[in-house]
Amino acid sequence: MTVAATRSENSGDPGAVTEERTRRGVPNPRIPLPPVSVPTVLLFIGGAMVWAGATWLVLNDAASPWVTIPLHALVTFTMFTVLHESTHHAAGRLTWVNELLGRLAMPFVASYGSFPLVRYIHLEHHRNTNEDAHTDPDAWTAHGPWWQLPLRWLTIDFWYSRFYVARQRTRPPSERIETAAVVALSLAAFAWLTATGHGWELLMVYLIPQRVGLAVLAWWFDWLPHHDLGAQRQNRFGATRVRVGLEWLMTPIMLCQNYHLVHHLHPAIPFYRYLRAWNDNRDAYLARDVPIATAWGRELTSSEYREWRQLTGSFDEEPPLPRQPREPSRFHSLRVAEVRPLCEGAVTVTFDVPERLRETFGFTPGQHIVIRAEVDGEEVRRAYSICSTPDSGELRIAIKHQLGGAFSTFATTELAAGDVLEVLPPDGVFTLTPEPGRSGRYVALAAGSGITPILSILTATLLNEPNSKATLLYINTSGAGTMFAAELGALAARLAGRLHVVHYRTDERDPDLRTPRIEKPFDTVGEALAISHERYQRGRLDGTRLRALLQARLHPAKVDDWFLCGPRDLVDMARRTLADKDVPDENVHFELFQGALPVRPSRHPGPVLTVTAGGKTAEIPATVGETVLSAALRHGVDAPYACVGGACGTCRATVVRGSARMDVHYALGDDEIAAGRILTCRAVATSPELTVDYDR
């Protein structure tokens, strides 16, 4: 995970610093989900036709069971893929399509089970992949001695039944009622067919082929991808494998499940897009050393896979270029062009960026800048999100007054056009780069001043992606203190339905919550039929409200990316709720107000630090428990920093020699930590000598 600071006051001021975490190194395939997945529908239709034909052969004694049983077993396998797609809402963006296809396919797989039951059990497998069989139901297929495995594959549905019965009291009543009804109807049908002398046909058409089909499914969907691998909680990239080689054969007969890893990392991608996702993001997967096996089961390392692919001629590629050292950031003097009131207690500040610095201060929507200023004789540094868009040609931020905030008080009461501030170039990874050809669906959740990066992201994206849509859930106390209320209303009207804004107001006296009276009849038919793209709700957005949205028009399968920016409790609630709905981590980008509290060192002598910054190297005696940044600043090193809470990432450096630990590392991803990057504001040396370089 990585983090970026955006708006605000320092750790000494309440509500000051923000952090953003997004899973760097985890690819986001951005493969759009169509309203209806045509290949999935065609697979269902084809399976139904094969079943009807094979059943006709049995009933008319026109073919041997050696022909019809494999045909009916094939139907069980193909219909499971339809069922599987529907459980992940991958059969299309339309919820009713998934619900319908899932229920229609279910009888071909196991008529005595309900679609909600299978959906629950399968999602438990995704949540707890490769745990014990009492936690991950699919682990039944891989645990136990080798001679038991075929028997386990043949009885996977019996284990599912036991797994569900043990938990059925915790399940929703509607699910239990539907399951009980399906079980009763199925058993009644079996009993009636047997009593009327059709037991043989029942065996030939359904029971025997279904048992064969389930065994193949348990083998191919569960055992082959997961056996002998660790639990997902230890390494989600190591919980399942891809099986390469003979793709011309394996991919169609396994219905793309030879790339099962892609499915576990991105469950909402349709099955026929797994190979595309793998090819588009192969380097990111290989950087994580994902499990790879050949069609015949030989395990490959990432380097062996690359070498094997080169030898087989499947692709011709250059190795990735080594990462270039970053140039050390330095402050630039920028003149304030305008300070404009925004709302109650907030202003926007626009900077005059000279032509020679235009490239330096180019930014991606969602990034932030760090400001250095002297207030009441003391140096302060604050990070603020850029609320303008790159296309506007402006560098503009919004500052809201925080009680006791040194810089926010100065900015909202004294800062004026013509003043000069020291500013670092834009930074941060809480971003979305617009792509004109993309048809994205985005949801943003913002509270208070969390709207600043969100505004830049939504405006730039929707204006540059004419086929994309977004929903903004915006929480404030009242309209008087709502930042960018007018801009959002104008943007929603301009986009004519592609941006839907839902305001949540916690002050029930807010005028926007009152239903307006119609003073006169509508003047025109158009006015009468006009649809407002802004709505107002009383109270907070809590977990109950968010879950209701996720079950309806904001169903996770309909959304490509989620952007969350607000206080910790709100963002944590949203993240937990999205995780419960199996939204992949790489699709959720978020910022939190305020980083960690400052580290308090002791006064006892500690390790020796060697710090390089701006091309200069200094040797510094640190105290026990003192952070690298604190020691560097105390010694006069001009080290970059802003939040000192591990949130903004401004103080990143590389460990050259020695070791250090961080209590938090919001702004770093796992790949950066593995490469030796640290946040010096949270890093404490754990070796007698530590050498770090800010310039790398």
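Residues numbered from 1 in each chain as written. Predicted model: local features only at pLDDT ≥ 70, side-chain atom pairs only at ≥ 80, totals over all residues. Heavy atoms only, no water.

Examining the side chain of Ser687
- Within the secondary structure, Ser687 is located in the loop between strand S22 (683-685) and strand S23 (689-693).
- Of the residues examined, Ser687 reaches a relative accessible area of 14% and is grouped as buried.
- Here Ser659 takes part through its backbone nitrogen, which lies 3.0 Å from a polar atom of the side chain of Ser687.
- Here Glu689 takes part through its backbone oxygen, which lies 2.7 Å from a polar atom of the side chain of Ser687. (Helix = DSSP H or I, 4+ residues; strand = E, 2+ residues; numbered from the N terminus. Buried < 20%, exposed > 50% of the residue type's maximum accessible area, 1.4 Å probe, protein only. Polar contact = N/O pair within 3.5 Å; in protein donor to acceptor, adjacent residues only side chain to side chain.)

Thoughts on the sheet that holds strand S4 (residues 299-300)
- If you trace the three strands from one edge of the open sheet to the other, you get S2-S3-S4, paired in mixed fashion. Taken across any chain shown, the strands that pair with only one partner, and hence form the sheet edges, are strand S2 (242-244) and S4.
- With three bridges connecting them, S2 and strand S3 (residues 292-294) associate as parallel partners. Of the residues in S3, the one forming a bridge with Val242 is Ile292. (Pairing = 2+ DSSP bridges.)

Some thoughts on the pattern of salt bridges
- This model, assessed by the stated rule, comprises 21 salt bridges.
- The partner of Glu178 in a salt bridge is Arg103, and the shortest N-O contact between them spans 3.0 Å. Placement of the pair is Glu178 in helix H7 (residues 173-195) and Arg103 in helix H3 (residues 95-110), with a sequence separation of 75 residues.
- Residue class for Glu178 comes out partly exposed when judged on its relative accessible area of 24%.
- Judged by its relative accessible area of 32%, Arg103 is partly exposed.
- For the salt bridge of Arg306 with Asp283, the shortest nitrogen-to-oxygen distance reads 2.5 Å. Taken together, the residues span a long stretch of sequence, with Arg306 in helix H13 (residues 302-312) and Asp283 in helix H12 (residues 282-286) at a distance of 23 residues.
- Take Arg306: its relative accessible area is 22%, and that puts it in the partly exposed class.
- In the salt-bridge network here, residues are joined through shared partners; they are Glu99, Arg103, Arg119 and Glu178. (Salt bridge = Lys/Arg side-chain N within 4 Å of Asp/Glu carboxyl O.)

Quick word on the pairing of strand S18 (residues 616-623)
- Here strand S17 (residues 605-613) pairs with S18 via seven bridges, running antiparallel. Each residue of the ladder has a partner; that of Leu609, found in S18, is Ile620.
- A loop of two residues connects S17 with S18, the two strands running antiparallel in sequence, and Gly614 in this loop sits at a positive phi of about 60 degrees.

So, the nonpolar core
- Leu83, Trp278, Tyr285 and Ile292 are the most contacted members of the largest nonpolar core, which has 62 residues in total.
- Here this core takes eight residues from helix H8 (residues 199-226), the largest share from any one element.
- In this structure Trp278 touches Val242, Tyr259, Leu261, Val262, Tyr285, Leu286, Val290, Ile292 and Tyr305, once residues within four positions along its chain are discounted.
- Core analysis: the next-biggest nonpolar cluster, separate from the first, contains 29 residues, Ala346, Cys387, Ala398 and Leu432 among them. (Core = buried A, V, L, I, M, F, W, Y, C linked by side-chain atoms within 4.5 Å. Contact = heavy atoms within 4.5 Å.)

What about the environment of Tyr384?
- Inspection of the secondary structure assignment puts Tyr384 in strand S8 (residues 378-385).
- Given a relative accessible area of 1%, Tyr384 falls into the buried group.
- As for Tyr384 and Ala398, which are separated by 14 residues in sequence, their C-alpha atoms are 7.3 Å apart.

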